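Residues per chain are reported as follows:
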Amino acid sequence: MPYALFDRLPTTRLEIGGGAIDVAFDSGELTTPKEHLLAWIGDAARAVSAYYGRLPVERVRVLVIPGPGSGIRDGTTFGYAGAAIKVTLGRDTPAHDLADDWVMTHEMVHLALPAMADEHDWLDEGLATYVEPLGRAQAGQIRPEKVWADLVWGLPKGLPQPGDRGLDHTPTWGRTYWGGALFCLLADVEIRARTANRKGLQDALRGVVAAGGNVEGRWPIERILETGDRATGVPVLHELYESMKAAPHPVDLDRLWQRLGVRGEGASLRLDDSAPLAAVRRAIVAGRADSSPPPSECHPLHRVVPRAR
Ligand SMILES: [Zn+2]
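Quick look at the structure, then.

Between any two of four tetrahedral donors, the ideal angle at the metal is 109.5 degrees; between two of six octahedral donors, it is 90 or 180 degrees. In the first shell of the zinc ion, the protein supplies His106 (NE2), His110 (NE2) and Glu125 (OE), at 2.0 to 2.1 Å from the metal. All donors to the zinc ion come from one chain, and their sequence spacing reads H-x3-H-x14-E. Taken as a pair, His110 in helix α4 (residues 103-110) and Glu125 in helix α5 (residues 121-138) lie far apart in primary sequence, 15 residues in all. Judged by its relative accessible area of 7%, His110 falls in the buried class. Glu125 gets classed as buried once you look at its relative accessible area, which sits at 15%.

Now the structure itself:
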């Protein structure tokens, strides 16, 4: 992150979720009007604040660097000298592309997790992949069907392939982004199953932020998981990590979708409220337990399929 460059540029401050977002534009032409760019960054901050209950850091610098062509690319989040996000934006990016963008929200989710050893990148990227659409749904920016359609599309890419040695030891793209997201969904469902749908992964992650954990610090993964488990009252994160860190841990996704009431895929995806875990599915997206009865099946999902060796 070019912190020194940022600090020389004029900035615009957005105040969202109890925190400050200082935005600077590097030199170079952008045809997209600045108010659209600030609205795009503001929407991402509102999505993350909806999920975490606040902006996860007191202040974040956002540096927008104009690049060739159109589209948002090369988002990166930093914490070593203060929370910061650097994003390259094609100079001809149409304003309506910004409304559909997930990159800025993904980067802002990274603000909510302390830095860890490299072998745990799957937790950092998996959380950003999993939380980004949930935050946008909770902020009213996308519909629940879109959240599930993306998971149905993406999670198969996170399943273990032959030769897999577990999440800590298989640093492929699929296992890092979607394997990490699979860990998050399994954890979310399991926390909700064990707490009669009163707590979820969202409570665990809010607990980490409330304990002072964010991108500006560096924690061992065990401290992150323990802090999250303390916030929910059930040791799901610890147990699931023990199961997934050094072993393939296959998951029957078709059965999981069936139990959650997620049917079909893409534009034809339908949500079924008569499924056994429909209330869990709704609570994951709504961000709170609803008044429906607790799930009838409470056995741990991640033990549904015997581990292959
Ligand atoms: Zn990322």
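Here the narrative resumes, following the displayed structure.
Helix-helix packing is characterised by the crossing angle of the two axes and by the distance between the axes. For the pair helix α7 (residues 173-194) and helix α12 (residues 278-286), interaxial distance at closest approach is 10 Å and the crossing angle is 115°. Where α7 crosses over α12, the two elements pack in a sense that is right-handed. For the pair α7 and α12, the contacting residues are Leu185, Asp188, Val189 and Arg192 in the first and Val280, Ala283 and Ile284 in the second. Across the contact of α7 with α12, the residue classes tally to 5 nonpolar, no polar and 2 charged.

This paragraph deals with α12. Counting buried positions over the 9 residues of α12 gives 7, a clear majority of the element. Taken together, the buried positions of α12 are Ala278, Ala279, Val280, Arg281, Ala283, Ile284 and Val285. After α12 finishes, the residue Gly287 shows a positive phi value of roughly 85°.

With that out of the way, let us pick up the environment of Pro160. Secondary-structure assignment places Pro160 in the loop between α6 (144-154) and α7. Distance in space between the C-alpha atoms of Pro160 and Gly174 is 8.8 Å, their sequence separation being 14 residues. If near-sequence neighbours (up to four positions away) are discounted, Pro160 is found in contact with Arg175, Pro248, His249 and Pro250.

Turning our eyes to something else, we now look at the environment of Val131. Mapped onto the fold, Val131 is located in helix α5. For the pair Val131 and Tyr51, spaced 80 residues apart in sequence, the C-alpha to C-alpha distance is 7.7 Å. Residues contacting Val131, with those up to four places away along its chain left out, are Tyr51, Tyr52, Val109 and Leu205.

Strand β5 (residues 84-90) sits mainly inside the fold: 6 of its 7 residues count as buried. With 7 bridges joining them, strand β3 (residues 59-67) and β5 adopt parallel strand pairing. Note that in β5 the partner of Leu63 across the bridge is Lys86. Sheet topology note: the strand β4 (residues 72-78)/β5 ladder contains 5 bridges and is antiparallel. Bridged to Thr76 within β5 is Lys86. Counting the residues between successive antiparallel strands, the hairpin from β4 to β5 contains 5 residues, one of them, Gly82, with a positive phi of roughly 105°.

Moving on to empty space enclosed by the protein. Going through the model one piece at a time under the given rule, you end up with 2 cavities of 30 Å³ or more. There is about 70 Å³ of room inside the second largest cavity. Leu113, Leu123, Leu127, Phe183, Cys184, Leu201, Leu205, Val208, Ile224, Leu225 and Leu237 are the residues that line the second largest cavity. Listing elements by their share of the lining of the second largest cavity, those giving two or more residues are α5, α7, α8 (201-210) and α9 (221-232). No other element matches α8, which puts 3 residues into the lining of the second largest cavity. Of the residues contributing to the lining of the second largest cavity, the split by class is 11 nonpolar, no polar and no charged.

With that out of the way, let us pick up the packing of aromatic side chains. Evaluation of the coordinates by the stated rule reveals 8 aromatic pairs. Taking 6.3 Å as the distance between ring centres and 80° as the angle between the ring planes, the aromatic pair formed by Phe78 and Tyr80 counts as edge-to-face. Given a relative accessible area of 14%, Phe78 falls into the buried group. Since its relative accessible area comes to 62%, Tyr80 is described here as exposed.

Thresholds applied
- Counting restarts for each chain, with residues numbered from 1 along the sequence as it is written.
- The predicted origin of the model limits local features to residues at a pLDDT of at least 70 and limits the giving and counting of side-chain atom pairs to 80 or more, whereas totals for whole chains, interfaces and linings rest on all residues.
- Hydrogens and water are ignored here; the side-chain numbers use all heavy atoms of the structure.
- Because water is not among the atoms used, a metal site may look incomplete, as its donors are only the N, O and S atoms within 2.8 Å, or 3.2 Å for Na, K and Ca.
- Going along the chain from the N terminus, every DSSP run of H or I of four or more residues is numbered as a helix, and every run of E of two or more is numbered as a strand.
- We call a residue buried when its accessible area falls under 20% of the maximum for its residue type, exposed when it is over 50%, and partly exposed in between, using a 1.4 Å probe and counting protein chains only.
- Note on definitions: angles span 0 to 180 degrees between N-to-C directions of axes, and those axes are lines fitted to C-alpha atoms, for helices only across the stretch in contact.
- Should the near helix be turned anticlockwise from the far one by less than a right angle, the crossing is left-handed, and should it be turned clockwise, the crossing is right-handed.
- We call two residues in contact whenever any of their non-hydrogen atoms come within 4.5 Å of each other.
- Residue type decides the class: Asp, Glu, Lys and Arg count as charged, Ala, Val, Leu, Ile, Met, Phe, Trp, Tyr, Cys and Pro as nonpolar, and the leftover types, Gly among them, as polar.
- Whether two strands pair depends on DSSP finding at least two bridges between them.
- Cavities and pockets were defined on a 1 Å grid built from protein atoms only: a cavity is a group of points that admits a 1.4 Å probe but offers it no way out, a pocket is an open group of points flanked by protein on both sides within 12 Å along at least five of seven lines, and a lining residue is one with an atom within 4 Å of any such point.
- Grid points are joined across faces, edges and corners, and a volume is the space filled by probe spheres set on the points.
- For Phe, Tyr and Trp, where Trp contributes only its six-membered ring, two rings pair if their centres lie within 6.5 Å, and the inter-plane angle classes them as stacked under 30 degrees, edge-to-face over 60, or tilted in between.

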